[in-house]
Amino acid sequence: MTTVAIIGCTHAGTFAATSILHAHPDWDVQVFERNATVSFLSCGIALWVGDHVSDPKKMFYSSPAQLEAAGATMHMRTDVTDVHVAEKTLEYRDLETGDTATLPFDKLVVTTGSRPVVPSIPGIDSKRVQLCKNWDDAVELKERSTDAKSVVVVGAGYIGAELAEQFSDVGVETTLVDAADRVLANNFDKPITDQVEERYRAHGVTLALGEKVVAFRDDEDDTVTVVTDQGEYTAQFAVLAIGFLPNTDLVRGQLDMMDNGAIITNDYMQSSVPYVYAAGDSATILYNPTGAHDYIPLATNAVRQGMLVGANIERPTRKYMGTQATSAVQLYDLSLSASGLTQGDADRRGMDIRSTELVEDYRPAFMTTTAPVTSILTWDPSTRLVKGAQFCSSVDVSGAANAVSVAIQARFTIDMLANVDFLFQPNFDQPIYYVGAIAAKAVAEQDD
């Protein structure tokens, strides 16, 4: 019998376990998880803070019992303490009893996920500074949000941006701090982030942008002061949301990795050691806009990669198609979505990429209501290939990013995207859908 050891069971681990057992119900699948839960949808934490979650138990789509029913042997609240890749063994310790044991395996799946970035700065270990990553963090954030009067959120990426919005919506005095000079600077370009910042200010959020946090200071009145290189911000507690790193120390030095520790995989989710697979936040992704390995920790990537582990665990069968890092977020009345490269991201990478901006109403003027959509399209001027897009409006624009994601993955040029057969119906769009319209504008600009 083939024994598969899976280390970590959030999204990639859960889908790897179920897909392996579906393909090989007679295999011995041993799953190790430090926490007491599996499959937690951490993307719902901010929504729970803002009272938009009907039942927090529904933030889990699987359970240890379900995986056991599928045939897995579950080691919950168990820490894998060492992995010997060449010897095909791992050592583990039960966190409840302290008991230790060794497991020999035939195949190893590393789905250890990521850990929050926690810089080594004074005061960061304060009990008034908390993280936003797992179920325990979510419970603590929800409890604090019920009676807190003020909070400082450090980090204006997706997680910090959503937390700041939801805290302000439930009446908590909110300060949002980031070393970048814009909110969501890694996700959207300035024509869109300007609109988001205006919404924050309209809702009373203090924006401390372009400020680097240098210390946290506990105060005698049970508050914490966040000290930046330009000022100080005091609140009842602070949330640290400045990014994630691969949690791969267990196999460091035994597998090929990026400099940040992300395990490099091939098209079949195999690491540099063929019987070791990696997926999710512990692994690289193939970023289609650049054609190179990258590190972009998203649940969507983890789910697809986890499913591919099961498809390829016996032999290479189904190739990974890569990702465009397609994503979306709702902030106040604004719907934002994106896929692929922004102009700012391309500039940081030193790529010759151009962008086009278009602002137009999403449906005809004869309708009793309509709303403007800001669209930004990026493309390669030498190949004309579509490289990315961003959308922002008070109406739902999430589907537009999905459409561009397909275009990037299928290697569409701006000319091809401009001529796609998008529907027209006055309830939904203009005679030329704004995705096609921004592509047509890009063609015109390129041909000028």
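Rules and cut-offs
Residues numbered from 1 in each chain as written. Predicted model: local features only at pLDDT ≥ 70, side-chain atom pairs only at ≥ 80, totals over all residues. Heavy atoms only, no water. Helix = DSSP H or I, 4+ residues; strand = E, 2+ residues; numbered from the N terminus. Buried < 20%, exposed > 50% of the residue type's maximum accessible area, 1.4 Å probe, protein only. Domains from an automatic or database assignment. Contact = heavy atoms within 4.5 Å. Buried area = accessible area lost by both parts, 1.4 Å probe. Salt bridge = Lys/Arg side-chain N within 4 Å of Asp/Glu carboxyl O. Polar contact = N/O pair within 3.5 Å; in protein donor to acceptor, adjacent residues only side chain to side chain. Pairing = 2+ DSSP bridges. Axes fitted to C-alpha atoms, helices over the stretch in contact; angles between N-to-C directions.

A few words now on unusual backbone geometry. Where the residue is not glycine, phi is negative for most of them; where a peptide bond is considered, it is trans in most cases. With a phi angle near 55°, Ala325 is a residue other than glycine that sits in the positive phi range. Structurally, Ala325 is set in the loop between α7 (299–312) and β21 (327–331). For Ala325, a relative accessible area of 16% translates into the label buried. The phi torsion at Tyr332 lies on the positive side, around 55°, for a residue other than glycine. With respect to the secondary-structure elements, Tyr332 resides in the loop between β21 and β22 (334–340). Judged by relative accessible area, Tyr332 falls into the buried class, the value being 12%.

Considered domain by domain, the protein is made up of domain 1 (3–38 + 59–115 + 244–311), domain 2 (129–240) and domain 3 (333–447). Spacing between the C-alpha centres of domain 1 and domain 2 amounts to 32 Å. Contact with domain 1, which involves 6 residues of that partner, is made by 5 residues of domain 2. Approximately 460 Å² of surface area, both sides summed, lies buried where domain 1 meets domain 2, with 71% of it carried by carbon and sulfur atoms. Summed over the shared surface of domain 1 and domain 2, the result is 1 salt bridge.

Another point: the pattern of salt bridges. Under the defined criterion, the tally for this structure stands at 19 salt bridges. Put simply, Glu96 and Arg77 hold a salt bridge, and the shortest N to O gap is 3.0 Å. One end of the pair, Glu96, is in the loop between β5 (89–94) and β6 (100–104); the other, Arg77, is in the loop between β3 (73–76) and β4 (78–84), with 19 residues separating them in the sequence. We classify Glu96 as exposed; its relative accessible area is 56%. With relative accessibility at 31%, the residue Arg77 sits in the partly exposed group. Asp345 serves as the salt-bridge partner of Arg349, at 3.0 Å between the closest nitrogen and oxygen. A relative accessible area of 15% places Asp345 in the buried class. Each of Arg128, Asp218 and Asp222 takes part in one network of salt bridges that share partners.

Mapped onto the fold, Thr225 is located in strand β14 (residues 224–228). Sequence separation between Thr225 and Gln236 is 11 residues, and the spatial gap between their C-alpha atoms is 8.6 Å. Beyond its immediate chain neighbours, meaning those up to four positions away, Thr225 contacts Ala215, Phe216, Arg217, Asp219, Glu232, Tyr233 and Thr234. One polar contact links Thr225 to Thr234, side chain to side chain, over a distance of 2.7 Å.

Within strand β24 (residues 372–379), 7 of the 8 residues are buried, which leaves the element mostly enclosed by the surrounding structure. In this sheet, strand β25 (residues 386–393) lies alongside β24 in antiparallel orientation, the contact comprising 7 bridges. If you follow Trp379 over to β25, its bridge partner there is Val386. The antiparallel pairing of β24 with β25 creates a hairpin that spans 6 residues between the two strands, and Arg384 there sits at a positive phi of about 65°.

Right, let's get into the sheet that holds β14. Pairing within the open sheet is antiparallel, and its 3 strands lie in the order β13-β14-β15. Strands at the two margins of the open sheet, each flanked by one partner only, are β13 (213–218) and β15 (232–235). Averaged over all pairs of adjacent strands, the angle between their axes in this sheet comes to 20°, without regard to strand direction. With 4 bridges joining them, β14 and β15 adopt antiparallel strand pairing. In the sheet register, Val227 faces β15, and the bridge partner there is Glu232.

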